[in-house]
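Here are the chains, one letter per residue:
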Amino acid sequence: MKNYDIIIIGGGHNGLTTATILAKKGKKVLLVEKRNVLGGIAAGEEFHPGYFTSGLLHDTSGVRQDVIKELQLEKYGLEFLNERADVTILSSSGKHVTIKADENATSASIAKFSQKDAQAYKDYKDFLNKISRVINDLMDNPPPNINVDNLTMASLVVLAKKGLKLKGLGNKTMMELLKVAPMSVADFLDEKFETDFLKAGLAAPALYGSYAAPRSAYSTINLLLWECASRNHIKGGPQALINALEKAATAAGVTIRTSAEVEKIVLEESGSIKGVRLKGGEEIYASKVAASCTPKETFLNLFDDFEIDYELDFWISKIRSRGTTAKVNLAVNKIVELNGQNIEYARTGNNFNEMEKAFDPVKYKEATSNPFLDIHIPTATDSSLAPEGHSVVSVLVHHIPYDFAEGWSEAAKNKLGEDVLNILEIYSPGIKKSVEGMEILSPEDFEQRYTLTEGHIYHGEHFVDQLITRPIPACLSYSTPVNGLYLCGSGSHPGGGITCAPGSMAAAAILK
Ligand SMILES: Cc1cc2nc3c(=O)[nH]c(=O)nc-3n(C[C@H](O)[C@H](O)[C@H](O)COP(=O)(O)OP(=O)(O)OC[C@H]3O[C@@H](n4cnc5c(N)ncnc54)[C@H](O)[C@@H]3O)c2cc1C
């Protein structure tokens, strides 16, 4: 039996971040991961013999630079692209536009089909550039205390500073931000742009992981958060981040155990943390535990019934985490092009009506046969992920319900795979007959493989109420009502995505 200062549950990128920061501050840290590999959702996998993904997810542009510096991840091999990666918005009519880091180049390519939208894009980026200081101040810092029953002078000062930052935008920009934030992303973009497929592609990130369609109120907030947080992509994708984090954790002295599933968080008689019990019965002791699995998994599955306070249990059970994303990985025996171009990142959507209709069935536990796709062809820049001359096509499929009434049988998954191939065939004629292998992961598979409650990719929906007090008011600042228990995963502020942000802010809260 060993004792540690703190045990971290889960070796995703946030668990690794928390563990490493604490170990660098001299704490004796154990990290336990239930799978036989580190990385959580960010881990690369071989899904067909000889074909690898660079992680389940695509976008790595949200990783916080301050965490990279603090953990010296570049010393451990992490490299960034010089800028945000290009993303191509595809239209089923054959048109496409590539959104580049260079706004003028993007605007020039939009001008080929709409002069109005070319100027609107510049104005849109100008607005984003102005507000990003305020948005990133909210996302890069611990959440302000907005508990009116317990407002200290220090928390009032923090709130006042945030108000001043907002005012510092100037009246025009501040009023625009206050006006657009509650809008639906369709209304917001309809006011600015005229080209349907462009609007659909720009709106898509607002809907990733959302139980919302383009015409749902408040969806603009998610778009603003995504756009403002996006910086440079990581070379080698999410797996490259995990490799560097693992090296940094080991160098800092973190003890890492994989294939070590926590079956229960163990409490002292007083109700404070005593440690964890692993599957198989081994108990390990520490007065602090930080859980990077979902808040629902932590409180509802790792404690016995009636062990935690009823009110806490009630509010945790009310966290909304209805998964709406599936994944299709394709092993293709040729170099895949989209609309005749060598493209790494692409989005489909076509128009708001199609996207809205794709979401409608989700409400009735049904699935669309025309989902919108977020496509990544990692072999476009890293040929080592597939045999020479072949491609990996990784597709995030949006608006696919976790609680599919028909059930996620093999037949249902095969139908989903077939639907995705039919859509891809529009942009890459002939792809269907070149597919050598296909992995289809339903939201239910996400839950089983990655312990994602209800298959939700962000450990809980990014809707405005669940962003302001994430995951619930009682656990807002990474500590919880259980003495010694902390949350350090994507279920906490500022939410999901590959950012390392919840992990680093939780470490700061623990050290405090
Ligand atoms: C399909 C998909 C696509 C996505 N696409 C993007 C994207 O493009 N860009 C982006 O920024 N974000 C994306 N996300 C979201 C992002 O991946 C997550 O928010 C983030 O990776 C979660 O990291 P984490 O470290 O907080 O948690 P996780 O990666 O979920 O790690 C938690 C770890 O805890 C382990 N664990 C759980 N229970 C136990 C237990 N009892 N004992 C021990 N270990 C346990 C799990 O095995 C897991 O390894 C996507 C997510 C998914 C699923």
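Quick notes on the rules
- Residues numbered from 1 in each chain as written.
- Predicted model: local features only at pLDDT ≥ 70, side-chain atom pairs only at ≥ 80, totals over all residues.
- Near = placed C-beta within 6 Å.
- Helix = DSSP H or I, 4+ residues; strand = E, 2+ residues; numbered from the N terminus.
- Domains from an automatic or database assignment.
- Contact = placed C-beta atoms within 7 Å.
- Pairing = 2+ DSSP bridges.
- Buried ≥ 20, exposed ≤ 12 C-beta atoms within 10 Å, placed from the backbone.
- Axes fitted to C-alpha atoms, helices over the stretch in contact; angles between N-to-C directions.

### A short note on the site of the ligand
Part 1 of the argument: Every one of the 37 residues lining the ligand counts as a neighbour, but G10, G12, G40, L57 and G496 are closest to it.
Part 2 of the argument: Mapped by element, the contributors of at least two residues to the shell around the ligand are α1 (13-24), β12 (325-332) and α15 (443-450).
Part 3 of the argument: At 3 residues, α1 tops the list of elements feeding residues into the shell around the ligand.
Part 4 of the argument: The residue makeup of the shell around the ligand includes at least three contributed by each of domain 1 (6-40 + 238-320 + 459-511) and domain 3 (325-401 + 405-441).

### Let's talk about the domain arrangement of the protein
Part 1 of the argument: Parsing the protein into structural domains produces domain 1 (6-40 + 238-320 + 459-511), domain 2 (87-229) and domain 3 (325-401 + 405-441).
Part 2 of the argument: Just the C-alpha atoms count here: the centres of domain 2 and domain 3 sit 26 Å apart.
Part 3 of the argument: Listed as interface residues are 21 residues of domain 2 and, on the opposing side, 20 residues of domain 3.
Part 4 of the argument: Sorting the residues of the side of domain 2 that touches domain 3 by element identifies β5 (87-90) and α8 (196-207) as the ones contributing at least two each.
Part 5 of the argument: Looking at the side of domain 2 that touches domain 3, the element that brings in the most residues is α8, giving 7 residues.

### Overview of the pairing of strand β9 (residues 273-278)
Part 1 of the argument: Where strand β8 (residues 262-267) meets β9, 5 bridges bridge the pair, whose relative direction is antiparallel. The partner of L267 across the bridge, within β9, is I273.
Part 2 of the argument: As paired elements, β9 and strand β10 (residues 283-285) share 3 bridges and run antiparallel to each other. Pairing of G275 across the sheet is with Y285, part of β10.
Part 3 of the argument: Remark: 4 residues form the turn of the hairpin made by β9 and β10, two consecutive strands paired antiparallel; G280 in that turn has positive phi of roughly 105°.

### Describing the environment of T469
Part 1 of the argument: Within the secondary structure, T469 sits in the loop between α16 (464-468) and β17 (485-487).
Part 2 of the argument: Looking at T469, the number of C-beta atoms within 10 Å reads 16, which means it is partly exposed.
Part 3 of the argument: Considered as a pair, T469 and A251 are 218 residues apart in the sequence and their alpha carbons are 35 Å apart.

### Thoughts on helix α9 (residues 219-229)
Part 1 of the argument: Buried residues dominate α9, accounting for 8 of its 11 residues.
Part 2 of the argument: Those residues of α9 that sit buried are S219, T220, I221, N222, L223, L224, L225 and A229.
Part 3 of the argument: Taken together, the buried residues of α9 touch α4 (115-139), α6 (171-180), α7 (185-192), α8 and α16.

### Some points on the sheet that holds β10
Part 1 of the argument: Pairing in this open sheet of 3 strands is antiparallel, and the strands run β8-β9-β10 from one edge to the other. Each having just a single partner strand, β8 and β10 make up the two edges of the open sheet. Taking each pair of neighbouring strands and ignoring which way they run, the sheet shows an average axis angle of 25°.

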